[in-house]
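So you can see what is in the structure, the chains are spelled out below.
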Amino acid sequence: MKATLTPEAEKPRCSSTPCSPIKSTVSGYQILHMDSSYLVGFTTGEELLKAAHKWSGAEAASAEALPSPRAKPIDLGLHRASRVYKTKSRYYQPYDIPAASGRRRRRMPSSGDVCLKSLAMEPSRALHGPLPFCLLKGKRAHSKSLDYLNLDKMSIREPADTEVLQYQLQHLNLRGERMFTRNKT
Amino acid sequence: MSSCTSEEAACNHQDATCTSANKSSAADTICTGSTDCSSNCQGNPNPKPPTAMKVKTGCNSADMGYPVTMEEELLRNPVITPEDVLGLQKITENYLCTPGENIHNIDFTRFRIRDMETGTVLFEISKPPASDRAGDKRDFDPNAGRFVRYQFTPAFLQLRQVGATVEFTVGDLPINNFRMIERHYFRDKLLKSFDFEFGFCIPSSKNTCEHIYEFPPLSEETMREMILHPYETQSDSFYFVDNKLVMHNKADYSYSGGP
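What you are looking at is a predicted structure, and each value in this text was computed from that prediction instead of being measured.

We now examine the overall build of chain B. Of the regular secondary structure elements, chain B holds four helices and 13 strands. Residues classed as buried in chain B amount to 56% of the 259 residues present. Contacts spanning at least 24 positions in sequence make up 71% of the contacts within chain B whose residues lie at least 6 apart. Accessible surface, chain B as shown: approximately 10,500 Å² in total, 52% of it carbon and sulfur.

Structure below.
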């Protein structure tokens, strides 16, 4: 996926890509420079989630309209390992060239082009790539209260880290003893 | 995969509010030579010497003698230390700290990478400080702001040294021993671990520092696999203050030059 750009008015144009603004924003970031010989895209987790929401809605609608020759994962909660599609080496047009005289033009790549290209705003799973696992799970780190004991999440099959548990339980016991002592007095 | 060395460098600390309170040194030391990683700091017009910044490199944790650690164990710990993450053998599935644990309000405001051999700037990005982003609405997962994705071309894998300049602001608390450990993996195989110490940061300051990443030697087969399998190269960036984890960012990478 390319950086999802917010078109801005009256930005200086690059000479090799006259239709493209140089600067763009991605989730509050401003991309100041991108050498397309080495880097062709940058995005954030926020943009990926937005795109995933759009794509899942679009695909759900198209899946209803047309039968799919293969199972397409509508549920984006797929682990990367189970990704269905494969990346192919293909020509990649990073931005949409406005049609001229009713005919869409094709961008001719220029070497060492350092200008940032504006992108077509159409949502596309191919442009974004799969959601990273850390966003799919959407979990947060455990809080640092008593929840860190994770007693409700411990599996019987997992070997208990007895030393850690003993240390933590000791702290609980000490707190209990202090309260008992306070109540006695 | 590569040898580990250490080198000292200087880092420029610029106090946005008071130039006289700068603890940076006047010397512009550039660390070069047979080092895996070094730092290069910009000149400081302030006469006070910049704080010397140690740069350390760590590689495979087994070479450094760190015990192997598991993410599940670390999530049970109230405090996560640098030694804890240096024992991780694969990319974490979860974030090991919450965004709220960044009590020092460290905020990265600019980032730039360049090829050290040619000086070519590859990428530069900035964002306004958090105080100016009051209108930001976090409708999505709060972790979404801690993840970025890069789409490189295959040519990027041919680079040897990349300099990464990072600018960041800090809040009202002084920061002792600010340190970043960044670990890169391809399919759960550790490619390289980078270890940078920023040193001390004065309160309410804006700081700039350049780290130099020396890429590990990669076989043709590994590079081919990395190109053919985008986003299976991933990294964890762990940030510590006083040896306690305060921030955790993640990234993944494509080298196919496309989606």
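Don't stop here, the text continues.
Our focus in this paragraph is the confidence of the model for chain B. Residues of chain B with pLDDT of at least 70 account for 70%, and the chain-wide mean is 79. Reported for the predicted complex are a pTM of 0.63 and an ipTM of 0.79.

Looking now at the packing of aromatic side chains. Applying the stated rule across the entire model yields 21 aromatic pairs over all chains. Considering the side-chain rings of Phe123 of chain B and Tyr150 of chain B, the 6.0 Å spacing of their centres and the 85° angle between planes classify their relative orientation as edge-to-face. Remark: Tyr150 of chain B occurs in strand β7 (residues 147-152) and Phe123 of chain B occurs in strand β6 (residues 121-126); sequence separation between them is 27 residues. With respect to burial, Phe123 of chain B and Tyr150 of chain B carry one shared label: buried. Between the aromatic rings of Phe168 of chain B and Phe198 of chain B, the centroid separation amounts to 5.3 Å while the plane-to-plane angle is 85°, which identifies the pairing as edge-to-face. Here Phe168 of chain B, found in strand β8 (residues 161-169), pairs with Phe198 of chain B, found in strand β10 (residues 189-201); they are 30 residues apart in sequence, far enough to count as distant. Pair check on accessibility: Phe168 of chain B and Phe198 of chain B agree, each one buried. Among the aromatic residues, ring-to-ring pairing joins Tyr29 and Phe42 of chain A together with Phe123, Tyr150, Phe152, Phe156, Phe215, Tyr253 and Tyr255 of chain B into one connected group. The ring of Tyr95 of chain B has Arg146 of chain B lying over it, and the distance from NZ or CZ to the ring centre is 4.2 Å.

A few words on the pattern of salt bridges. All names here are of chain B. Here the structure, examined in full by the defined rule, presents 12 salt bridges over all chains. Residues Glu167 and Lys206 are paired through a salt bridge, measuring 4.0 Å at the closest nitrogen-oxygen approach. Taken as a pair, Glu167 in strand β8 and Lys206 in strand β11 (residues 206-214) lie far apart in primary sequence, 39 residues in all. Given the relative accessible area of 30%, Lys206 is considered partly exposed. Across the salt bridge formed by Asp236 and Lys250, the nearest N and O atoms sit 2.7 Å from each other. One end of the pair, Asp236, is in strand β12 (residues 233-241); the other, Lys250, is in strand β13 (residues 244-254), and 14 residues separate them in sequence. With respect to burial, Asp236 and Lys250 carry one shared label: buried.

All right, on to unusual backbone geometry then. Residues and elements named next belong to chain B. The residue Tyr231 is not glycine, and still its phi comes out positive at about 70°. Mapped onto the elements of the fold, Tyr231 is located in the loop between α4 (220-228) and β12. You can call Tyr231 buried: its relative accessible area is 1%. With a phi angle near 50°, Asp242 is a residue other than glycine that sits in the positive phi range. Within the element layout of this structure, Asp242 appears in the loop between β12 and β13.

What follows is about the side chain of Asn143 of chain B. Residues and elements named next belong to chain B. Inspection of the secondary structure puts Asn143 in the loop between β6 and β7. Given the relative accessible area of 1%, Asn143 is considered buried. Polar side-chain contacts of Asn143 include one of 2.6 Å to the side chain of Arg146.

Let's shift gears to the pairing of β6 of chain B. Most of β6 of chain B sits out of view: five of its six residues are buried. The sheet contact formed by strand β2 (residues 29-34) of chain A and β6 of chain B spans four bridges and is antiparallel. Each residue of the ladder has a partner; that of His33 of chain A, found in β6 of chain B, is Glu124 of chain B. Relative to β6 of chain B, strand β5 (residues 107-115) of chain B is paired through five bridges, and the arrangement is antiparallel. What sits directly across from Arg110 of chain B, in β6 of chain B, is Ser126 of chain B. From the end of β5 of chain B to the start of β6 of chain B, which pair antiparallel, there are five residues, and Gly119 of chain B there has a positive phi angle of about 80°.

About the cut-offs
Residues numbered from 1 in each chain as written. Chains lettered and ligands numbered in written order. Predicted model: local features only at pLDDT ≥ 70, side-chain atom pairs only at ≥ 80, totals over all residues. Heavy atoms only, no water. Helix = DSSP H or I, 4+ residues; strand = E, 2+ residues; numbered from the N terminus. Buried < 20%, exposed > 50% of the residue type's maximum accessible area, 1.4 Å probe, protein only. Contact = heavy atoms within 4.5 Å. Areas by Shrake-Rupley, 256 points an atom, 1.4 Å probe, with all protein chains shown as cover. pLDDT = per-residue confidence, 0-100. Phe/Tyr/Trp six-rings, centres within 6.5 Å; stacked < 30°, edge-to-face > 60°. Lys NZ or Arg CZ within 6 Å of the ring centre and 35° of its normal. Salt bridge = Lys/Arg side-chain N within 4 Å of Asp/Glu carboxyl O. Polar contact = N/O pair within 3.5 Å; in protein donor to acceptor, adjacent residues only side chain to side chain. Pairing = 2+ DSSP bridges.

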